[in-house]
Amino acid sequence: MTSRRLVIADDLRRQITTGRLGPGDRLPAESALANRYKVSTATLRSALAVLQGEGLVEKIHGKGNFVRRPLRKITYVGGWGTLDPRTAADVDLRVTVRATALPARGHLPALLKVDDGSPLTEFLRLSYERESPHSLARVYVPRDLTPTTVLGDRPSSAWAEASLSVPDPPPAEVHETVSARLPTPDEASTLRINTALAVLAITRVAADNTGRVIEAALLVFPRDRVDAVFTTHHVIEERQARR
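The notes below deal with the structure included here. (Residues numbered from 1 in each chain as written. Predicted model: local features only at pLDDT ≥ 70, side-chain atom pairs only at ≥ 80, totals over all residues. Heavy atoms only, no water.)

## Focus on the overall build of the protein chain
Across its full length, the protein chain holds eight helices and 11 strands. By the burial criterion, 45% of the 243 residues in the protein chain qualify as buried. (Helix = DSSP H or I, 4+ residues; strand = E, 2+ residues; numbered from the N terminus. Buried < 20%, exposed > 50% of the residue type's maximum accessible area, 1.4 Å probe, protein only.)

As structure tokens, this is what we get:
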């Protein structure tokens, strides 16, 4: 099974890299491909999973398998919690936002330093490049701090300026935890990536000058769609003055 899977993956990969199958093209139905290669549907799907993991093919639920259009990278600016507007504008992202009222459960009470069951608003933000998901963000805000207006579909410039940016006025402290890991099944389904493709996960917690957490954001970027840049400033003169 393993050898047949790799043979099929090699053949389809060759068709994609030589241009016989172009970006956006729909592959034949899985049953038709299984018949063509004289393998079971399970083996065929295993071969497609190899190409999905390589970022060459994406499976769109209810539509089929497509040759993925190359997605361009954007830059996440650490410490500011936003996207570099130049890279975001170049990619021309489309953003959707959905707001949901919910109680603080699971890891959220500790993350936002609130009591279990405290009222929150979750903003689910998805960015798209053309029709392909580019990144996922879940932003949690205490209910009494929830904005009265909710972002709808926005162009990339608004996404860079508002959708991932820290609250206005800026918080007194922003703490970010960055990790590379495999996506959860829900993240893989939402971003249309293989569960074997690593993602960059950023947890950003913003607090005001009293120490109250005013926003917690869980950001997920497929590894091939973002660069994260962090800049450290060494305040040497200020340290010397304190001595």
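## Focus: the sheet that holds strand 7 (residues 132-142)
In spatial order, the strands read 5-6-7-10-9-8; together these six strands make up an open sheet with antiparallel pairing. Each having just a single partner strand, strand 5 (93-103) and strand 8 (173-181) make up the two edges of the open sheet. Pairwise comparison of adjacent strand axes, ignoring direction, gives a mean angle of 15 degrees for this sheet. Here 11 bridges tie strand 5 to strand 6 (residues 119-129), and the two strands are oriented antiparallel to one another. Paired with R98 across the two strands is L124, which belongs to strand 6. (Pairing = 2+ DSSP bridges. Axes fitted to C-alpha atoms, helices over the stretch in contact; angles between N-to-C directions.)

## Brief notes about the packing of aromatic side chains
One pair of aromatic rings is described through two measures. These are the centre distance and the angle between the planes. Tallying each qualifying case throughout the model produces one aromatic pair. Here the aromatic rings of Y76 and F221 are separated by 6.1 Å at their centres, their planes lie at 55 degrees, and the arrangement is tilted. With Y76 in strand 3 (residues 74-77) and F221 in strand 10 (residues 213-222), this residue pair connects regions lying 145 residues apart in the sequence. Across this residue pair, the class does not change: Y76 and F221 are buried. Against the face of Y128 rests R94, its NZ or CZ located 4.6 Å from the ring centre. (Phe/Tyr/Trp six-rings, centres within 6.5 Å; stacked < 30°, edge-to-face > 60°. Lys NZ or Arg CZ within 6 Å of the ring centre and 35° of its normal.)

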